[in-house]
Structures are given as structure tokens and as C-alpha cells.
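A structural walkthrough
Now for the letters of each chain:
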Amino acid sequence: QVQLVESGGGLVQPGGSLRLSCAASGNIFSINSMRLRWYRQAPGKERELVADITSGGSTNYAGSVKGRFTISMDKAKKTGYLQMNSLKPEDTAVYYCNLDGLSGTSYFRTNWGQGTQVTVSS
């Protein structure tokens, strides 16, 4: 029963930076392994996977953001992050985080939150 809340979005100019946060509530300490994923959804488009990271530290990025975005998680703070640098107008979207993994022997996946709006415009 983990819930996530995204924050950190805003309006920035091209080339700017933002750091998104994904704060978890609930008991995550019983989770054997987990995967944090960041998605985004631009107007008129379907939700797109941006990046993911496992509790073991393995990361993957969409080609459109690789080299500019960095995903991370801090288990002690129960928070995931998406550092976004060199932002482009095409990065404009609502950003969502999602977590899945194993709690004991049970698989879980969090529901979608409200997301946080990122707008890149001059």
C-alpha cells in the first residue's frame, strides 16, 4: 500500500534544469526489490516511459533524454528523483512516477498519481 506524490515541476526556459521528486508514503521497508519508473505525457500523446531504475542501481533511459536526465532513488528518504538538464520544448509534459516490485512474496505496482507539469518555453 505505497502511494507516490510527484512534485518539482514548473515553467523553465530552454536549456534550463528541473529536479522532480517522487515521495513515497507507506511501508517500503518490507520490499525485497523495486523499480522506479518516470513517465511523461504530452498533450495529445500517450504516456511515454522516460527512465527507470532498480533498487540494485541499474538504469535505463529513453533515447530522447539520455545524457540530459538522471534518475535516482534514496531509500532512506523514501524519495525518487528525476534530474532534468538542458531542457527542450519537446520535454513539455506531465511527468508521473510509478513503483513496482516485491513486498514479501507479493508483487505490487502503485497507481498513477496526479503528476507534475513541466513546461519548457521561452
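Residues numbered from 1 in each chain as written. Predicted model: local features only at pLDDT ≥ 70, side-chain atom pairs only at ≥ 80, totals over all residues. Heavy atoms only, no water.

Quick look at the overall build of the protein chain
Secondary structure summary: the protein chain contains 0 helices and 11 strands in total. Mapped in sequence order, the helices and strands of the protein chain form the string β-β-β-β-β-β-β-β-β-β-β. Here the protein chain has a C-alpha radius of gyration of 14 Å; the compact-globule value for 122 residues is 14 Å, and the two agree. For the protein chain, the spread of C-alpha atoms along the principal axes amounts to about 50 × 25 × 25 Å. In the protein chain, which comprises 122 residues, the proportion classed as buried is 41%. The contacts in the protein chain between residues at least 6 apart in sequence include a share of 55% that link residues at least 24 apart. Per element, the accessible surface of the protein chain, about 6,600 Å² overall, is 46% carbon and sulfur. (Helix = DSSP H or I, 4+ residues; strand = E, 2+ residues; numbered from the N terminus. Rg over C-alpha atoms; globule rule 2.2 N^0.38 Å. Buried < 20%, exposed > 50% of the residue type's maximum accessible area, 1.4 Å probe, protein only. Contact = heavy atoms within 4.5 Å. Areas by Shrake-Rupley, 256 points an atom, 1.4 Å probe, with all protein chains shown as cover.)

So, the sheet that holds strand β8 (residues 79-84)
Here 4 strands make up an open sheet; going across it, the order is β1-β3-β8-β7 and the pairing antiparallel. Two strands in the sheet have a free side with no partner beyond their single neighbour: β1 (3-7) and β7 (69-74). Each neighbouring strand pair of the sheet contributes to a mean axis angle of 15°, computed without reference to strand direction. For strand β3 (residues 18-25) and β8, the ladder comprises 6 bridges, and the chain directions are antiparallel. (Pairing = 2+ DSSP bridges. Axes fitted to C-alpha atoms, helices over the stretch in contact; angles between N-to-C directions.)

Some points on the pairing of β3
Pairing analysis gives 5 bridges linking β1 to β3, with the strands arranged antiparallel. Along β3, the bridge assignment pairs Leu-4 with Ala-24.

Observations concerning the state of the cysteines
Under the counting rule described, the total for this entry stands at 1 disulfide. The partner cysteine of Cys-22 in its disulfide is Cys-97, sulfur to sulfur 2.1 Å. When the S-S torsion is 80°, as for the bridge of Cys-22 with Cys-97, the disulfide is right-handed. Of this pair, Cys-22 sits in strand β3 while Cys-97 sits in strand β9 (residues 93-103), and the two are 75 residues apart along the sequence. Note on accessibility: Cys-22 and Cys-97 belong to one class, buried. (Disulfide = S-S within 2.5 Å.)

Regarding the pattern of salt bridges
Under the criterion given, the structure shown has 5 salt bridges. A salt bridge links Glu-48 to Arg-40, with the shortest nitrogen-to-oxygen separation between them at 3.1 Å. Judged by its relative accessible area of 7%, Arg-40 is buried. Across the salt bridge formed by Asp-91 and Arg-40, the nearest N and O atoms sit 2.9 Å from each other. You can see Asp-91 sitting in the loop between β8 and β9 and its partner Arg-40 sitting in strand β4 (residues 31-41), a full 51 residues away along the chain. Both residues of the pair, Asp-91 and Arg-40, count as buried. What emerges from the salt-bridge pattern is a single network uniting Arg-40, Glu-48, Arg-68 and Asp-91. (Salt bridge = Lys/Arg side-chain N within 4 Å of Asp/Glu carboxyl O.)

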